[in-house]
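Read off the chains here:
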Amino acid sequence: MKKYGYCRISTHKQNIERQVRNIKSKYPDAVIVKEIYTGKKFYGRKEFERILNIVVNGDMIIFDSVSRMSRNAEEGFTLYEELYKKGVTLVFLKEPHINTDTYKQAIMTELPKTGTNVDYILEGINKYLLSLAKEQIRLAFEQSEKEVKELQQRTREGIETARLNGKQIGQVRGRTLVTKKSIEAKEIIKKYNKSFGGQLDNEETMRLAKISKATFYKYKRELERM
């Protein structure tokens, strides 16, 4: 069995090493495949397509999260089923409830038949459990797509609000710099940092937002003044 750890970022400015560390900590023997690609579609992701062309029954693909596999719900769910039928194990470190082993267990775990009319009820329950497992997988991909759209919308709204308030979008000496990246970073800080009710400490938040220590504390001070 060969194990492939797929890591993807959208731009050269982002740090891919967090994904690498997360995968290596759980699967130290995984072959890490890195890719920089912006977009929701599979097409054009050459490194990912290379993995898909070489994996066989028994192989494993590991993702840090479901969003690294796909940010398009329909395509993600379709590919998931194709790889499952091919016998490829899929592992999502942040969403273990949709790993293919979990899905396989749901399929194989059937309530035992009794040889009586009760079996009709048991058959219905078994079908329900399988459909429930499928729905959990689909929901995970839909949630990933939804989060991307919401972040894009918040970014657009943040930029528009800044413009309406007379702020310069772009660097001007002596003025606060408002950029797409700064808006996204502040959204992450507000959502995940412990100072704002989240679960991550300062170091973890910096890594997630992919910003320096100085930039993190600058944004944090600005948010605390709001």
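Procedures and definitions
- Residues numbered from 1 in each chain as written.
- Predicted model: local features only at pLDDT ≥ 70, side-chain atom pairs only at ≥ 80, totals over all residues.
- Heavy atoms only, no water.
- Helix = DSSP H or I, 4+ residues; strand = E, 2+ residues; numbered from the N terminus.
- Buried < 20%, exposed > 50% of the residue type's maximum accessible area, 1.4 Å probe, protein only.
- Contact = heavy atoms within 4.5 Å.
- Areas by Shrake-Rupley, 256 points an atom, 1.4 Å probe, with all protein chains shown as cover.
- Axes fitted to C-alpha atoms, helices over the stretch in contact; angles between N-to-C directions.
- Parallel < 35°, antiparallel > 145°, perpendicular 65-115°, else oblique.
- Pairing = 2+ DSSP bridges.

J.: What is the right way to read the overall build of the protein chain from this model?
T.: Per the secondary structure count, the protein chain includes 9 helices and 4 strands. Of the regular secondary structure in the protein chain, the N- to C-terminal order runs β-α-β-α-β-α-α-β-α-α-α-α-α. Looking at the protein chain as a whole, 37% of its 226 residues qualify as buried. Across the protein chain, contacts joining residues at least 24 apart in sequence account for 61% of those joining residues at least 6 apart. Only carbon and sulfur atoms are counted for the fraction: they give 52% of the accessible area of the protein chain, which is about 13,700 Å².

J.: Explain the packing of helix H7 (residues 180-192) against helix H9 (residues 213-225) to me, please; I cannot follow it from the model alone.
T.: The description of two packed helices rests on the angle between their axes and on the distance between the axes. Where H7 contacts H9, the two axes come as close as 10 Å, and the packing angle between them is 70°. Taken together, the axis directions place H7 and H9 in an arrangement best described as roughly perpendicular. Contacts between H7 and H9 involve Ser182, Ala185, Lys186, Ile189 and Lys190 on the former and, on the latter, Phe216, Tyr219, Glu222 and Leu223.

J.: Is there a simple way to explain the sheet that holds strand S2 (residues 31-36) in this structure?
T.: What links the strands of a sheet is backbone hydrogen bonding, and the strands pair in either a parallel or an antiparallel sense. In space, the 4 strands of this open sheet follow the order S2-S1-S3-S4, with parallel pairing throughout. In this open sheet, the two strands that pair with only one neighbour each are S2 and strand S4 (89-92). Strand after strand, the sheet turns through a mean of 20° between neighbouring axes, direction not considered. Across 6 bridges, the pairing between strand S1 (residues 3-9) and S2 is parallel. The partner of Arg8 across the bridge, within S2, is Glu35. On top of the sheet, helix H1 (residues 17-26) reaches S1, S2 and strand S3 (60-63); it is set at about 160° to S1, its chief contact.

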